[in-house]
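# Observations on chain architecture
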Amino acid sequence: MLTIKRLDLSEARLLIAGAAEKAREIGVPMCIAIVDESGNLIAFERMDGGKITSVTIAQDKAFTAAAAKKATHDYNAVNVPGSLAFGIHTEVGGRISSVGGGLPVIIDGEVVGGIGLSSGTPQQDMDCAQAGIDYFETQRG
């Protein structure tokens, strides 16, 4: 039998709070998705002004980060013609994202979930996702 570590709703809300604070700081309303270790949605927030297309994109970034256990920008580096990983974004029904802004949430070396953001540039999305993780780590005690 497996024992699985998983984010709970209160932890998901901490991740959203930290990411949303950074989004307000940079003046870019974001869509923020938090998923469990399997990539299933726990919590989602679309800040006022967050792009409609970003609702799905943020969720796919979070899904990729958790289920694949790697940052979406890591896929971006290898998803180029000639690479053996080229086309990875077409897998899993097109849910694998290779756009920066999705990060795995890691506790004690284990992926327990993922955070995905969308509405800014990939770098802004990445910065807000990292801010969510940073805030979460300071608050979880």
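Refer to the structure printed above.
Throughout what follows, the structure given in this document is the object of discussion. If you're wondering where the values come from, they're calculated on a predicted model, not measured in any experiment.

## Description of the overall build of the chain
- Across its full length, the chain holds four helices and four strands.
- Reading the chain from its N end, one meets helices and strands in the order α-β-β-α-α-β-β-α.
- Against the 2.2 N^0.38 benchmark of 14 Å for 141 residues, the chain shows a C-alpha radius of gyration of 14 Å, consistent with a compact globule.
- Taking the principal axes of its C-alpha atoms as reference, the chain extends roughly 45 × 45 × 20 Å.
- Taken across its 141 residues, the chain has 44% of its residues classed as buried.
- The long-range share in the chain, meaning contacts at least 24 apart out of those at least 6 apart in sequence, stands at 64%.

## Observations regarding the environment of S118
- By secondary structure assignment, the location of S118 is in strand β4 (residues 110-118).
- Each C-alpha atom, one on S118 and one on I106, is 21 Å from the other, the two residues being 12 residues apart in sequence.
- Looking at S118, its side chain comes within polar contact range of the side chain of S54, at 2.9 Å.

## Let's talk about helix α4 (residues 122-139)
- Under the 1.5 Å per step criterion, the end-to-end length of α4 is 26 Å for 18 residues, consistent within 8% with the ideal 26 Å.
- When α4 is considered as a whole, its buried residues turn out to be D125, M126, C128, A129, A131, G132, I133 and F136.
- Buried-residue contacts for α4 involve α1 (9-26), α2 (53-67), α3 (72-78), β3 (102-107) and β4.

Cut-offs used in this document
- Residues numbered from 1 in each chain as written.
- Predicted model: local features only at pLDDT ≥ 70, side-chain atom pairs only at ≥ 80, totals over all residues.
- Heavy atoms only, no water.
- Helix = DSSP H or I, 4+ residues; strand = E, 2+ residues; numbered from the N terminus.
- Rg over C-alpha atoms; globule rule 2.2 N^0.38 Å.
- Buried < 20%, exposed > 50% of the residue type's maximum accessible area, 1.4 Å probe, protein only.
- Contact = heavy atoms within 4.5 Å.
- Polar contact = N/O pair within 3.5 Å; in protein donor to acceptor, adjacent residues only side chain to side chain.
- Expected span 1.5 Å × (residues − 1).

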